Amino acid sequence: MGAGTAGTMMANHLKGQVDSKEWEITIVDEREEHYYQPGFLFLPFDIYEPDDIIKPIHDFIPKQVNLIRKNIDRIFPTENYVMLTDGERLDFDIMIVATGAKIAPEEVEGMGGAEWQHSIFDFYTFEGALALRNKLREWRGGKLVVHITEMPIKCPVAPLEFAFLADSYFKHKHMRDKVEITFVTPLSGAFTKPKATQTLDHLLHEKGIHLVSDFAIEKVDNDLKKIVDYGGQEVSFDLLVTVPTNKGDELMARSGMGDDLNYLPTNKATLQSKDYKNIFAIGDATNIPASKAGSVAHFEAEILTENILRFIHGEPLKEEFDGHANCFVETGDGKALLIDFNYTHEPVEGTFPFPGIGPLRLLKESRMNHMGKLAFRWIYWNMLLKGTHIPFVTATMQTEGKNF
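Colleague: Whenever I open this one, the overall build of the chain confuses me. Can you help?
Modeller: Along the backbone of the chain there are 8 helices and 23 strands. In terms of C-alpha radius of gyration, the chain reaches 21 Å, essentially the compact-globule figure of 22 Å for 404 residues. Viewed in the frame of its principal axes, the chain has a C-alpha envelope of about 65 × 50 × 40 Å. Within the chain, the proportion of its 404 residues that are buried is 57%. Counted over contacts in the chain with a minimum sequence separation of 6, partners at least 24 positions apart contribute 66%. Split by element, the accessible area of the chain, about 17300 Å² in all, is 48% carbon and sulfur. A distance of 5 Å separates the average location of the 42 positive side-chain charges in the chain from that of its 59 negative side-chain charges.

Okay, structure coming up:
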C-alpha cells in the first residue's frame, strides 16, 4: 500500500527475491508523480527547480509488479482483502503498509485560515514549497518565524535546515539585516537528541537566530499575525513557515488499524504489525520511535525484505532493525553537518563511512557534507528507489569511528 519512497523500494527489493510463479506483487497508489521529498527544502530558496524533484511513479516500479493507480477505501485486515473506492476488491496473503505521513494544519485552530499560503506556509508539500518560493522571491523582510507544531514529524532536522538556509539566503540577497529569524519548537532545545542539540543550539546563536523552546501551540491568530501557546506566550510574525502536525494516512483510521495519529502500531525491531501477523509496515506509516526520514526507510527496507522472506518460509523473524538514521543537516553558506544515530546511540562526533578516514565528518560543519547532501539526489533516483545497495553504508548503525 503506497508507492512513495518506502513502497517503491520494497517493490524493487522483493521482485527478485520471491518466486514469480508463486507470488504476485501489487502496489497501489492513486498518484501519478513521485516526489523527492528532501528537495522540498531547497525549492523555496531556488536551489532546486520543480523538475529536479518530480518524476513519474511508473518510472520506478519494476515491470514484474502490478501498479494500480486507484484510491483505497478500506483495508479489512482480518479478512485479508482491500476495497478500492471504485468497488474493486484486492485479496492479499501479505501486506506491506507504506502509506507515509501527511501534514494536518486543521489540527491547530487558525493554521489553515485566511493567511494560509499568503503569510503562512508549509514546505512539507510540493504545493507549499512552491508557493513559499514565490513568496520569498518578492518578500521585503520582517519577522520570519520557523515553527514546529508537535513531534513526530517527517525529517526532524528539516525545520532547522530551513532556518539556516534562510539565514544564508537573505545574506546573499543583502537583506539579512532586514529579517529577524525566530525558531519556535515544542522541544526543550533545537533537536530531539541532547548532544546534537548542543551543536545546533550553538549554530542558531552564531547565526543570530532566536530560539523559543517548549512552545505548545494553541492557535494561530490570522488577524494579529501571531502564534499563541497554551501558556499564553505569543510570537508575532510577518511570515510564518510552519510544520503542521504530521499524521498517518486517513486509510488507517477508516480501517481501524491506526493509533491516535493514524500510524500503524509496529514492532520496532521486526517491522511486523503488532496486531496482524501477515501485515508489515515501513517508513513514515509506522509508529516506531525512529526518525521519519528517507534514510530510515532505506535501512528498514533491507531488513524488512529478509523478514518477509522468513515469514514466507515459516521462519522466525529477525529482530534486527535498530532505528538507524543517517541525515545531512544543511547549515547554510555551502556547509552541512552529518548525524548518524539509532534507538540507543545519539549523534556524536566521528568519521563516516570509514572509521578514522571519513571522508565525511560527523556533527561538524563541512563543505564535503554539503556536497554529500546534494549528491544524495542522484543516489535517490538512481540507486535507493531501485533497491540498489549503497556501498559501505550498513542497515544497522556501526559504532566504529564514533567518539562516544
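Colleague: Would you take a moment to explain the nonpolar core for this structure?
Modeller: Nonpolar side chains in soluble globular proteins tend to be buried together. Judged by nonpolar contacts, the single largest core of 114 residues is most densely connected at Phe123, Leu144, Phe162, Leu200 and Ile227. At 9 residues, helix H4 (residues 158-172) tops the list of elements feeding residues into this core. Leaving out residues up to four positions away in the same chain, phenylalanine 123 has contacts with Phe40, Leu41, Pro44, Gly128, Ala129, Leu132, Ala158, Pro159, Phe162, Val241, Thr242 and Val243.

Colleague: Quick question: what am I supposed to make of the sheet that holds strand S11 (residues 142-148) here?
Modeller: Neighbouring strands of a sheet are bound in pairs by backbone hydrogen bonds; such pairs are parallel or else antiparallel. On the basis of which strands lie adjacent, the open sheet formed by 5 strands has the order S10-S17-S11-S12-S13 and parallel pairing. What marks the edges here is a single partner per strand, and that holds for strand S10 (120-121) and strand S13 (210-212). Note: strand S12 (residues 179-184) against S13, 3 bridges, orientation parallel. Residue pairing across strands places threonine 182 opposite histidine 210, the latter belonging to S13.

Colleague: Whenever I open this one, the pairing of strand S22 (residues 350-354) confuses me. Can you help?
Modeller: Regular strands show a simple pattern: their side chains alternate between the two faces of the sheet. Sheet topology places S22 next to strand S23 (residues 358-362); 5 bridges connect them, and they run antiparallel. When the sheet's bridge partners are listed, threonine 351 is paired in S23 with arginine 361. Linking S22 back to S23 in an antiparallel pair, the connection comprises 3 residues, with glycine 356 at a positive phi of about 80 degrees.

Colleague: Which parts of the structure should I look at to understand the sheet that holds strand S16 (residues 234-236)?
Modeller: Strand order in the open sheet made by the 3 strands is S14-S15-S16, with antiparallel pairing throughout. Pairing within the sheet leaves two strands with one partner each, and these edge strands are strand S14 (217-221) and S16. Strand-to-strand, the axes of this sheet are offset by a mean angle of 15 degrees, without reference to chain direction. Of the strand pairs in this sheet, strand S15 (residues 226-229) and S16 are connected by 3 bridges, and their pairing is antiparallel. Within S16, the position partnered with isoleucine 227 by the bridge is valine 235.

Colleague: Is there a simple way to explain helix H3 (residues 126-138) in this structure?
Modeller: Since there are 3.6 residues in each turn of an α-helix, residues three or four apart along the chain are aligned in direction. Here H3 is 13 residues long and its end C-alpha atoms lie 19 Å apart, about the 18 Å a rise of 1.5 Å per residue gives. Every buried residue of H3 is accounted for by Phe126, Gly128, Ala129, Ala131, Leu132, Arg133, Lys135 and Leu136. Turning to H3, the residues buried within the fold contact strand S2 (33-35), helix H2 (50-53), strand S3 (54-56), S10, H4 and strand S17 (239-243).

Colleague: Would you take a moment to explain helix H8 (residues 367-384) for this structure?
Modeller: Roughly 35 degrees is the biggest bend found in H8, and it falls at tryptophan 378. What H8 keeps buried is the set Asn369, His370, Gly372, Lys373, Tyr380, Trp381, Met383 and Leu384. Between the side-chain oxygen of the N-cap and the backbone nitrogen of asparagine 369 there are 3.0 Å, and the N-cap of H8 in question is serine 366.

Colleague: Explain the packing of aromatic side chains here, please?
Modeller: What describes a pair of aromatic rings is the distance from one ring centre to the other and the angle between the planes of the rings. Counted under the stated rule, the structure contains 19 aromatic pairs. With a centroid separation of 6.0 Å and 80 degrees between ring planes, the pair formed by phenylalanine 321 and tyrosine 343 is classed as edge-to-face. With phenylalanine 321 in the loop between helix H7 (294-312) and strand S20 (325-332) and tyrosine 343 in the loop between strand S21 (335-341) and S22, this residue pair connects regions lying 22 residues apart in the sequence. Each member of the pair phenylalanine 321 and tyrosine 343 is classed as buried. In this structure an aromatic cluster arises from ring pairing among Phe45, Phe123, Tyr124, Trp139, Phe162, Tyr169 and Phe170. Here arginine 377 stacks its cationic end above the ring of tyrosine 48, 4.5 Å away from the centre of that ring.

Colleague: Please explain the packing of helix H1 (residues 5-15) against H7 as it appears in this structure.
Modeller: What describes two packed helices is the angle between their axes and the distance between those same axes. Closest axis-to-axis distance for the H1/H7 pair is 10 Å, and the angle between their directions is 40 degrees. When the axes of H1 and H7 are compared, the pair comes out oblique. The interaxial crossing formed by H1 with H7 has right-handed handedness. From H1, Ala6, Met9, Met10, His13 and Leu14 reach across to H7, where they touch Ala297, His298, Ala301, Glu302, Leu304, Thr305 and Ile308. Residues belonging to the contact of H1 with H7 are distributed by class as follows: 8 nonpolar, 3 polar and 1 charged.

Colleague: I tried to follow the environment of lysine 386 on my own but got confused; where do I start?
Modeller: Along the chain, the position of lysine 386 falls in the segment after H8. Overall, lysine 386 belongs to the partly exposed group, its relative accessible area being 40%. Remark: the alpha-carbon pair of lysine 386 and phenylalanine 60, spanning 326 residues in sequence, is separated by 6.6 Å. Apart from the residues within four sequence positions on either side, lysine 386 is in contact with Asn12, Phe60 and Trp381.

Colleague: Would you mind going over the packing of H3 against H4 with me for this structure?
Modeller: Direction vectors running N to C along H3 and H4 enclose 30 degrees, while the axes themselves pass 12 Å from each other. Considering the relative orientation of H3 and H4, their crossing is right-handed. Between H3 and H4, the contacting residues are Leu132, Leu136 and Arg137 on the first element and Phe162, Tyr169 and Phe170 on the second.

Parameters and conventions
Residues numbered from 1 in each chain as written. Predicted model: local features only at pLDDT ≥ 70, side-chain atom pairs only at ≥ 80, totals over all residues. Heavy atoms only, no water. Helix = DSSP H or I, 4+ residues; strand = E, 2+ residues; numbered from the N terminus. Rg over C-alpha atoms; globule rule 2.2 N^0.38 Å. Buried < 20%, exposed > 50% of the residue type's maximum accessible area, 1.4 Å probe, protein only. Contact = heavy atoms within 4.5 Å. Areas by Shrake-Rupley, 256 points an atom, 1.4 Å probe, with all protein chains shown as cover. Lys, Arg positive; Asp, Glu negative; His and termini not counted. Charge placed at Lys NZ, Arg CZ, Asp CG, Glu CD. Core = buried A, V, L, I, M, F, W, Y, C linked by side-chain atoms within 4.5 Å. Pairing = 2+ DSSP bridges. Axes fitted to C-alpha atoms, helices over the stretch in contact; angles between N-to-C directions. Expected span 1.5 Å × (residues − 1). Bend = angle between axes of the 7 residues up to and from the residue. Polar contact = N/O pair within 3.5 Å; in protein donor to acceptor, adjacent residues only side chain to side chain. Phe/Tyr/Trp six-rings, centres within 6.5 Å; stacked < 30°, edge-to-face > 60°. Lys NZ or Arg CZ within 6 Å of the ring centre and 35° of its normal. Parallel < 35°, antiparallel > 145°, perpendicular 65-115°, else oblique. Left-handed = near helix turned anticlockwise from the far one by under 90°. Nonpolar A, V, L, I, M, F, W, Y, C, P; charged D, E, K, R; others polar.

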